[in-house]
There are 2 protein chains.
Amino acid sequence: MPQDRTPDQSVTVALSRAIHEHKLPPGTKLGEDDLAEIYGVSRTIVRAALRTLAHEQLVQIQRNRGAFVAKPSPKEALEVFEARELLEPRTAHSAAIKATKADVDRLHRHIEREHAAMTSGDHGAALYLSGQLHVEIARIAAQDTITSFIETLIARSSLVVALYWRRESALCESHAHNSLVEAIAEGDGDKAEGLMKSHLVDLHSALDLSQSAPASRTLKQMLSGS
Amino acid sequence: MPQDRTPDQSVTVALSRAIHEHKLPPGTKLGEDDLAEIYGVSRTIVRAALRTLAHEQLVQIQRNRGAFVAKPSPKEALEVFEARELLEPRTAHSAAIKATKADVDRLHRHIEREHAAMTSGDHGAALYLSGQLHVEIARIAAQDTITSFIETLIARSSLVVALYWRRESALCESHAHNSLVEAIAEGDGDKAEGLMKSHLVDLHSALDLSQSAPASRTLKQMLSGS
DNA sequence: GAGCACAAGATTGTATCCAATATCAAGCTT
DNA sequence: AAGCTTGATATTGGATACAATCTTGTGCTC
């Protein structure tokens, strides 16, 4: 477990990351004893982590039955993207106005890491980084309240994509991310806002929300394999 | 404790309400043993409730030191209202389009209860109901994801008001709420949106975010007195 | 073979215990 | 009187034990 995080935070981060990378598909049962063994902690810690993830809506806890990776309905999927379309364009606008050279450099490096993961075949990491770029942009806007909402929405988006994504290509096209970062680098708020809006509408259009969803595998395999 | 809620949910709701009604001012220490005794549950339940409230940002947990009613900084206060100004107008617009007669009746009755509380001198209840009207409007819009964000923002707003409110009058003027509900009753989305925007700008303007904040009293007094 | 009932085992919910950390009070020094 | 140190006490963090609930497997009946 990494530095100065409490035990439950470490488990939370690990599980969140695994969900984000589609190592734990929607519907996966998250048994307390299993996780306690896998992470080498007591059930107390696991329960705290699961509760946190439930509050973030990545996990659904059913009383007396256990915790499962959340499985957003088509309605929920739609809502998540609607909420993103309401929050992210203005946030990108604000980020463009506020970005420093260091911020832009960081975004460029982030995109490089995303591409590297994609070309090396690490789809899980690419997926995670793809979503995190949106979070990084929100952080530049320096509005923590809205950023925390965006973080939640990005995380839930990874579940939505796992269930409803209809395209063969990667989640976010590199072209879209590049253009966005360019607009931010130019300090062009309106352009960044417009590009973010188009990007989200594009993502939204790649979802097939006219269906439902599949089953699961054992916990240990999913948390170790890559 | 009321019906079919788990023990920790009951404690969560009770504390949330108390915070909302300013019975527990920002900065109040929420000791686990104290709360366990007051609510007649074990520390396990209290800890779960406090964690939930921490996730909702009504409570701040400091490791090894305890839980305290959150005390938003001026920056956080500003952020909360900015986020509301981004989310609530469009939500009011949507609510106006979607509202049924039953919805409108419910809003009218809500306003009546708010007035009744105010005239009977039950300021805490009036305060709570004032904020909840915004939540009710969001519920009519039937977008659960955004509604949950608004719920969080309304709850945090009560903390902000406790710390930074500059006006002598009630939180939300009855005139503003009446107009809003009328626009919703008329199904006029643009009007509802405009009124909500003005209302929020008005609320925002009544905050003095150029200062900081006071101290506290014992837990039992605050949770029983009215 | 299908369906039902029951018991055993697994898992979750909660309480209690123990360890770790912080706070407070008392005593001492300057 | 103010400041520092030390020890006692209070409180929080985490583990473990026990109770409650659910799931699964076995045996019986039709």
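All residue numbers here refer to positions counted from 1 along the written sequence of the relevant chain. Each chain gets a letter, beginning with A, and each ligand a number, beginning with 1, in the order they are written. At least 70 in pLDDT is required for a residue's local features to be given in this predicted model, at least 80 for side-chain atom pairs to be given and counted, and no such filter applies to totals for whole chains, interfaces and linings, which use all residues. For side-chain calculations, the full set of non-hydrogen atoms in the structure is used, while hydrogens and water are omitted.

Undergrad: What is the right way to look at the relation of the copies chain A and chain B in this model?
TA: The relation between the two chain copies is a rotation about an axis coupled with a shift along that axis. Expressed as a screw transformation, the operator carrying chain A onto chain B has a rotation angle of 180 degrees and an axial translation of 0.0 Å, and the superposed copies differ by an RMSD of 0.1 Å. These values place the two chain copies in the arrangement generated by a two-fold rotation axis. Contact criterion: two residues are considered in contact whenever any of their non-hydrogen atoms come within 4.5 Å of each other. In this assembly, 100% of the residues forming the interface of chain A have copies in chain B that are likewise at the interface, indicating an isologous arrangement. We superpose the copies by least squares over the C-alpha atoms of residues that have a pLDDT of at least 70 in both of them.

Undergrad: Got a minute to help me understand the protein's contact with DNA strand C in this structure?
TA: Around DNA strand C, the structure places 16 residues, and the nearest of them are A:Arg43, A:Arg63, B:Ser42, B:Thr44 and B:Arg65. Being near a molecule or strand, for a residue, comes down to having at least one heavy atom within 4 Å of it. Across the atoms of DNA strand C situated within 4 Å of the protein, the share located in sugar and phosphate is 71%. Any pair of nitrogen or oxygen atoms within 3.5 Å is treated as a polar contact; in protein, a donor-acceptor pairing is required on top of that, and neighbouring residues in sequence qualify only through side-chain atoms on both sides. Take A:Arg47: an N or O atom from its side chain is 3.3 Å from a phosphate oxygen of DNA strand C. Note that a base nitrogen of DNA strand C is positioned 2.6 Å from one of the side-chain N or O atoms of B:Thr44. A run of DSSP states H or I qualifies as a helix once it reaches four residues; a run of E qualifies as a strand once it reaches two. Both are numbered from the N-terminal end. Listed by contribution, the elements that provide at least two residues to the surface near DNA strand C are helix 3 (43–55) of chain A together with helix 3 (43–55) of chain B. Counting residues per element, the surface near DNA strand C draws most heavily on helix 3 of chain B, which supplies three residues. Under the scheme applied, nonpolar residues are Ala, Val, Leu, Ile, Met, Phe, Trp, Tyr, Cys and Pro; charged residues are Asp, Glu, Lys and Arg; polar residues are all the others, including Gly. Across the surface near DNA strand C, the residue classes break down as two nonpolar, six polar and eight charged.

Undergrad: Help me understand the pairing of strand 2 (residues 59–62) of chain B in this model?
TA: When a strand is regular, its side chains alternate between the sheet's two faces. Residues and elements named next belong to chain B. Sheet topology note: the strand 2/strand 3 (residues 66–69) ladder contains four bridges and is antiparallel. Note that in strand 3 the partner of Gln60 across the bridge is Phe68. DSSP bridges decide pairing: two strands pair if at least two such bridges lie between them. As consecutive antiparallel partners, strand 2 and strand 3 are separated by three residues, and within that stretch Asn64 has a phi angle of approximately 70 degrees, a positive value.

Undergrad: Could you clarify how one ought to interpret the pattern of salt bridges in this entry?
TA: Any two side chains of opposite charge can pair, given that their charged atoms come close. Salt bridge, as used here, is a side-chain nitrogen of Lys or Arg placed within 4 Å of a carboxyl oxygen of Asp or Glu. Summed over the entire model, instances satisfying the criterion amount to 32 salt bridges over all chains. Note that A:Glu136 is salt-bridged to A:Arg106, the shortest N-O span being 3.8 Å. Highlighted residues: A:Glu136 in helix 6 (residues 123–140) and A:Arg106 in helix 5 (residues 101–119), separated in sequence by 30 residues. Its salt-bridge partner being B:Glu151, residue B:Arg139 comes within 2.6 Å of it at the nearest N-O pair. You can see B:Arg139 sitting in helix 6 (residues 123–140) and its partner B:Glu151 sitting in helix 7 (residues 144–164), a full 12 residues away along the chain.

Undergrad: Looking at this model, I keep getting lost on the packing of aromatic side chains. Mind explaining?
TA: Centre-to-centre distance and the angle between the planes together describe a pair of aromatic rings. Pairing of aromatic rings covers Phe, Tyr and Trp, the last through its six-membered ring, and needs centres within 6.5 Å; plane angles under 30 degrees mean stacked, over 60 mean edge-to-face, and all others mean tilted. Following the criterion strictly, the structure yields one aromatic pair over all chains and no others. With 4.0 Å between their ring centres and 15 degrees between their planes, A:Phe149 and B:Phe149 make a pair best called stacked. In this pair, A:Phe149 is assigned in helix 7 (residues 144–164) and B:Phe149 in helix 7, connecting two distinct chains. A single burial state applies to A:Phe149 and to B:Phe149, both of which are buried. Note on geometry: a ring has a charge over it if NZ (lysine) or CZ (arginine) is within 6 Å of the ring centre and within 35 degrees of the ring normal. The ring of A:Tyr128 has A:Arg17 lying over it, and the distance from NZ or CZ to the ring centre is 3.8 Å. Relative accessibility decides the category of a residue: with a 1.4 Å probe and only protein chains considered, values under 20% of the type maximum give buried, values over 50% give exposed, and everything between is partly exposed.

Scope: geometric values only; no functional claims are made or implied.
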